[in-house]
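Commentary on secondary and tertiary structure
Okay, here's what each chain looks like letter by letter:
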Amino acid sequence: GFGVVGIPENGVLAMIEKKIKNLRIVSNIAGIDTWGIGLLLQHDQVVEINASYVGENPIFEKLYLTGGISLNLIPQGSLAERCRMAAGGMPAGYMKAGVGTCVETGGFPMRVGLDGKSIVQVSRPKEKRVFDEHEYLLEEGLHVDFSLIRAHQADKYGNLRFRKTARNFNPDMAGIGDVVIAEVDQIVDEIPPDQVHYPGCFVDRVYKSPHMYHKIERIRYIDAPAASKDSKSSTKDSKRQKIAARATKELKDGMYCNLGVGIPVAVANTVIGKVDVDLQGENGIVGMGPYPKQGQEDPDLINAGKETITEAIGHSHSRSSDAFGMMRGKHLHMTMLGSLQVSETGDIANWIIPGQKVKGMGGAMDLVACGSRVVVVMEHVGPGGTAKFLPKCTIPLTGKGCISILITDMVAWIVIDRECLSIKIRKGLCCPK
């Protein structure tokens, strides 16, 4: 699943009821604290999580920072491809994501001691090779005992059909299990052959959901009345809208552009009527529209930030491995990302603050390595006035020398061409030294 969309929710509840312990989970995310994998964490049933993003679950974060669980963080595109490779009988493959970071060098604390300070287990370095003058890391296929997935329909032949962005990781995860169990909304006699998304030969068990919850993690409306907020919140929202509006000016007719989590997804609302582009999400949608009107939200239709969205004319949906194939294959012109820190030389760091905050890299490492134009949008200073634009990043990197443009609420634009840095900045401001 992606967020709480497309997860086998009844399968998770069944594992809780059966009190299955010592689970080692492979999942895109660690769920939220009140649903999905978060419920398994509440019941102390998980000993290890292999995921790309864990930033929405405070229960997991507390467990990890106090030595209660092991964590193997994997770039999201690499995770999807490692699943796809295993499903196709391929032992391994080379990928760009993570070159020049701790994904390459190893040393990431996979488990800390119960004191929260000592390190019990660290990640291993990866083999690196050069192809066509580009560096790649060796990633191995993933295998599990059971794959629990979610689909919209199954037929009596075991064929599956997914719905909108609920497809995401499900077809990729299905292929890696010795036993594949599909939870579905509907069981029909036959899915028309050209509407089958996943053949029944991959599927071992099918059951109809006894309860269809279809929770929505973040409901957003395009026509929502302005809520009463304190001045601090209003100022923050105003800054973010300003940044998103400025970022929209970087888009040109005919572009395909990925929108990452945070400020970038707001561009889908600011771009309306200004430019003809296709907005892509790492959860598989191409043709992302703005937030829906009230009453038109769809629990199977979200952006990378798990917010409700609409579909633009000409949209499409794909599985996660195909979504990242669009990136690696240079089929996107631009990607927009948020960040915790950016350096003068174009480095980006946006996935962890050691010992304090654990988010995970999600799809960011894949996006900055794909060769398209990288636009970073962020607030110029962090909480307490901490500098985010620095001579050198002080936290683990997402990518080196990969940023093309930085847009903040204070900076008009910064163009980084890997060697030179030309700055056009509002009067009275400067890069901290």
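Everything that follows concerns the structure shown earlier in this document.
Here's a quick rundown of the structure.

Rules used throughout
Residues numbered from 1 in each chain as written. Predicted model: local features only at pLDDT ≥ 70, side-chain atom pairs only at ≥ 80, totals over all residues. Heavy atoms only, no water. Helix = DSSP H or I, 4+ residues; strand = E, 2+ residues; numbered from the N terminus. Rg over C-alpha atoms; globule rule 2.2 N^0.38 Å. Buried < 20%, exposed > 50% of the residue type's maximum accessible area, 1.4 Å probe, protein only. Contact = heavy atoms within 4.5 Å. Areas by Shrake-Rupley, 256 points an atom, 1.4 Å probe, with all protein chains shown as cover. Lys, Arg positive; Asp, Glu negative; His and termini not counted. Charge placed at Lys NZ, Arg CZ, Asp CG, Glu CD. Pairing = 2+ DSSP bridges. Right-handed = clockwise from strand over helix to strand, strands pointing away. Arc of directions from axis to C-beta. Axes fitted to C-alpha atoms, helices over the stretch in contact; angles between N-to-C directions. Salt bridge = Lys/Arg side-chain N within 4 Å of Asp/Glu carboxyl O. Polar contact = N/O pair within 3.5 Å; in protein donor to acceptor, adjacent residues only side chain to side chain. 1 Å grid on protein atoms, 1.4 Å probe; cavity = no way out; pocket = protein on both sides within 12 Å on 5 of 7 lines; lining within 4 Å. Points joined across faces, edges and corners; volume = space filled by probe spheres on them. Nonpolar A, V, L, I, M, F, W, Y, C, P; charged D, E, K, R; others polar. Core = buried A, V, L, I, M, F, W, Y, C linked by side-chain atoms within 4.5 Å.

**Looking at the overall build of the protein**
Across its full length, the protein holds 10 helices and 26 strands. The C-alpha atoms of the protein give a radius of gyration of 21 Å, which matches the 22 Å a tight globule of 433 residues would have. Along the first, second and third principal axes, the C-alpha set of the protein runs to 65 × 50 × 50 Å. Taking all 433 residues of the protein together, the buried fraction comes to 53%. Relative to all contacts within the protein whose residues are 6 or more apart in sequence, the contacts with residues 24 or more apart total 68%. Just so you have it, the protein exposes about 19,600 Å², and 52% of that area is on carbon and sulfur atoms. Mean positive and mean negative side-chain charge positions of the protein (51 and 48 charges, respectively) differ by 6 Å.

**Remarks on the pairing of strand S1 (residues 23–26)**
Successive residues of a regular strand alternate their side chains across the two faces of the sheet. Here S1 runs beside strand S2 (residues 46–51); their pairing, made up of four bridges, is parallel. The partner of Val26 across the bridge, within S2, is Asn50. For the segment spanning S1, helix H2 (residues 37–42) and S2, crossover handedness is right-handed.

**Some words on unusual backbone geometry**
Positive phi, normally seen in glycine, also occurs at Asp44, with a value near 55°. Summarising the element assignment, Asp44 is placed in the loop between H2 and S2. For Asp44, a relative accessible area of 54% puts it in the exposed group.

**So, the sheet that holds strand S18 (residues 341–343)**
Read from one edge of the open sheet, three strands run S19-S18-S23, paired in mixed fashion. Each edge of the sheet is formed by a strand with only one pairing partner; in this case those strands are strand S19 (348–349) and strand S23 (389–390). Sheet analysis places S18 next to S23, joined by two bridges and oriented parallel. Paired with Ser343 across the two strands is Leu390, which belongs to S23.

**Points about helix H9 (residues 320–328)**
Residues spaced three or four apart along an α-helix face the same direction, because each turn holds 3.6 residues. Every buried residue of H9 is accounted for by Ser320, Ser321, Ala323, Phe324 and Met327. Projected onto a plane normal to the axis of H9, the buried residues spread over an arc of 155° and lie on a single side. In this structure, the buried residues of H9 make contact with helix H4 (76–87), helix H6 (170–174), strand S13 (256–259), strand S14 (278–280) and helix H10 (364–368). Downstream of H9 by one or two residues, Lys330 has phi in the positive range, about 60°.

**Thoughts on the sheet that holds S2**
Reading across the sheet, the three strands line up as S1-S2-S3 and stay open at both edges, with parallel pairing between neighbours. Only two strands of the sheet have a single partner each, and these edge strands are S1 and strand S3 (70–73). Within the sheet, the average angular offset between the axes of one strand and its neighbour, ignoring direction, is 10°. In terms of strand pairing, S2 meets S3 through four bridges, oriented parallel.

**Describing the pattern of salt bridges**
In total, this model carries 22 salt bridges according to the counting rule given. Notably, a salt bridge pairs Glu139 with Arg82, separated by 3.5 Å at the nearest N-O pair. With Glu139 in strand S8 (residues 134–140) and Arg82 in helix H4, the pair connects residues that are 57 residues apart, well separated along the chain. The class for Arg82 is buried, based on a relative accessible area of 10%. Several salt bridges share partner residues, and in doing so they unite Arg163, Lys164, Asp298, Asp300 and Glu311 into one network.

**Things to note about helix H1 (residues 9–18)**
Within H1, the full set of buried residues consists of Glu9, Asn10, Gly11, Val12, Met15 and Ile16. Where H1 is buried, its residues touch S1, H2, strand S9 (144–155), strand S11 (177–188) and strand S12 (205–208). Directly beyond the C-terminal end of H1, a positive phi value near 60° is found at Lys19.

**Topic: the environment of Asn57**
On the secondary structure map, Asn57 appears in the loop between S2 and helix H3 (58–65). Only 3.0 Å separates the side chain of Asn57 from the backbone nitrogen of Ile59, close enough to count as a polar contact. A distance of 3.2 Å separates a polar side-chain atom of Asn57 from the backbone nitrogen of Phe60.

**Side note on empty space enclosed by the protein**
All chains considered together, the criterion is met by two cavities of 30 Å³ or more. Space inside the largest cavity adds up to approximately 120 Å³. Taken together, 16 residues line the largest cavity, and the ones lying closest to its centre are Gly6, Arg150, Ala166, His214 and Asp300. Considering every element that reaches the lining of the largest cavity, the biggest residue donor is S9, with three residues. Its residues assigned to classes, the lining of the largest cavity comprises seven nonpolar, three polar and six charged. Estimated volume of the second largest cavity: approximately 40 Å³. Together, Val4, Val5, Lys215, Ile216, Glu217, Asp298, Pro299, Ile302, Lys306 and Thr308 line the second largest cavity.

**A look at the nonpolar core**
Ranked by internal contacts, the top residues of the largest apolar core, which has 34 residues, are Leu40, Ile49, Phe60, Leu71, Phe108 and Trp351. Only H1, S1, H2, S2, H3, S3 and helix H5 (102–105) provide two or more residues apiece to this core. For this core, the element with the highest residue contribution is H2, accounting for four residues. Met255, Leu259, Val277 and Leu279 belong to the second-largest nonpolar core, a separate cluster that totals 25 residues.

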